[in-house]
Amino acid sequence: MEPKKQWMTSGAFAALCGTTKETLRHYKDVGLLLPARQGENGYLYYDVEQFYDYYAISIFRQTGTSLEEIRRCLGKRDPAQTAELLREQKKRLEAERKKLDHMDFLLSSTLRNLAFRPGPDLAVRTAWFEREHLLALPVRELEELVSPTASEDEMLIAVLERCQTLSGQYGIQTDFHLGAIHPPENSGAPGAISHLYTRIKEKADFPYYKEKPAGNYLYLCCWGRWDISAGYAALNRWILAHGLRTTGDFYACDLAGFLLNSVEKNAASMISVQFTAPEQSRSSSRPGHG
């Protein structure tokens, strides 16, 4: 003798599936998930095994599959067709994951930059910076893309378009916060700009990759001005006054980014350079950079 079937009311079935009776009613109306039976009292009942049908529907819906596609798939119950649909949805999920991953990188980068804002203007400080991965565009290459009389806006357009192109070509993620690399002059002061750069999420094997190494850095922040020449001068005076020896390139980067930098009073930039000094305690001064 077969055991008596345990039917579930629409309310109980909705609770089991973590959904609402309204959703079940909608799926019934479009012919996607029909109740197993209807009682003499007009109430709708579901078989507990229909939980798996609902589960499949919810997965497909979360990956952007249309109701019509789901209905065809569940109606035929064809393994090959189901596998093909799942492969398509897996591709969609991977694309969405990359978008979310990039957004997380962008927001984390912006928050790290904004953490510098409480610092004093043009005050030289020291800290341990973790390494950064850069997409670095040679200035000489950019100069070939624009005319010698190009405006700053035209140069910015060229830089952003080039970054977009390279990001797509090599599949890398960038925060589009721009910076400049200055090789040192013989005197130790920052020389002319050799590269414009933007940070990328991780080390990449492509011709435009550069690494800003980890180490002890001198840095200062410039607040409320787009022209940061005073920052270069202040940093150079401090280096000379303290007799320090710098090593490697000077880095100037935008801290305000696309959210704030359109208003000069909100403009924020940082200039940094690695220096030779006794090993410092890394835990004593971490500005959250890198």
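Okay, so let's go over this structure.

Cut-off values and rules
Residues numbered from 1 in each chain as written. Predicted model: local features only at pLDDT ≥ 70, side-chain atom pairs only at ≥ 80, totals over all residues. Heavy atoms only, no water. Pairing = 2+ DSSP bridges. Helix = DSSP H or I, 4+ residues; strand = E, 2+ residues; numbered from the N terminus. Axes fitted to C-alpha atoms, helices over the stretch in contact; angles between N-to-C directions. Contact = heavy atoms within 4.5 Å. 1 Å grid on protein atoms, 1.4 Å probe; cavity = no way out; pocket = protein on both sides within 12 Å on 5 of 7 lines; lining within 4 Å. Points joined across faces, edges and corners; volume = space filled by probe spheres on them. Parallel < 35°, antiparallel > 145°, perpendicular 65-115°, else oblique. Left-handed = near helix turned anticlockwise from the far one by under 90°. Phe/Tyr/Trp six-rings, centres within 6.5 Å; stacked < 30°, edge-to-face > 60°. Buried < 20%, exposed > 50% of the residue type's maximum accessible area, 1.4 Å probe, protein only.

On to the sheet that holds strand 8 (residues 209–212), then. The strand order across the open sheet built from 8 strands is 4-9-11-10-6-7-5-8, with neighbouring strands paired in antiparallel fashion. Lying at the two open borders of the sheet, with one neighbouring strand each, are strand 4 (125–129) and strand 8. For this sheet the average axis-to-axis angle between neighbouring strands, irrespective of direction, equals 35°. The pairing of strand 5 (residues 132–138) with strand 7 (residues 195–200) spans 6 bridges and is antiparallel. Directly across from Leu137, in strand 7, lies its bridge partner Leu196. Seen against the sheet, helix 5 (residues 79–114) touches strand 6 (174–182), strand 7 and strand 10 (246–254) and runs at an angle of roughly 50° to strand 6.

Bringing the layout of surface pockets into the picture now. In this structure, the second largest pocket spans a volume of roughly 310 Å³. Looking at the second largest pocket, it is lined by 13 residues, and the ones nearest its centre are Lys98, Gly171, Ile172, Gln173 and Glu202. For the lining of the second largest pocket, the secondary-structure elements that each account for two or more residues are helix 5 and helix 7 (152–170).

Before going further, it helps to spend a moment on the sheet that holds strand 1 (residues 8–9). What the 3 strands build is an open sheet, ordered 1-3-2; its pairing is antiparallel. The open sheet has two edge strands, strand 1 and strand 2 (37–38), and neither has a second partner. Sheet analysis places strand 1 next to strand 3 (residues 44–46), joined by 2 bridges and oriented antiparallel. Each residue of the ladder has a partner; that of Thr9, found in strand 3, is Tyr45.

Its identity is not glycine, yet Leu122 carries a phi of approximately 60°, on the positive side. With phi around 60°, Phe176 is a residue other than glycine that occupies positive phi space.

As a packed pair, helix 1 (residues 10–17) and helix 3 (residues 50–62) sit with axes 10 Å apart at the nearest point and diverge in direction by 50°. Comparing the axis directions of helix 1 and helix 3 gives the class oblique. Between helix 1 and helix 3 the crossing geometry is right-handed. Taking contact as the criterion, the partners of Phe13, Leu16 and Cys17 in helix 1 are, on helix 3, Gln50, Phe51 and Tyr54.

Turning next to the packing of aromatic side chains. Applying the stated criterion across every chain yields a total of 9 aromatic pairs. Judged by centre distance (4.5 Å) and plane angle (5°), the ring pair of Phe13 and Tyr46 falls under stacked. With a gap of 33 residues between them, Phe13 in helix 1 and Tyr46 in strand 3 connect regions that are remote in the sequence. Between Phe129 and Tyr219, the aromatic rings sit 5.4 Å apart at their centres with planes inclined by 45°, giving tilted as the arrangement. Of this pair, Phe129 sits in strand 4 while Tyr219 is found in strand 9 (residues 215–223), placing the two residues 90 residues apart along the sequence. We note that Phe129, like Tyr219, is buried. A network of ring pairs unites the aromatic residues Phe51, Tyr52 and Tyr55 as a single cluster.

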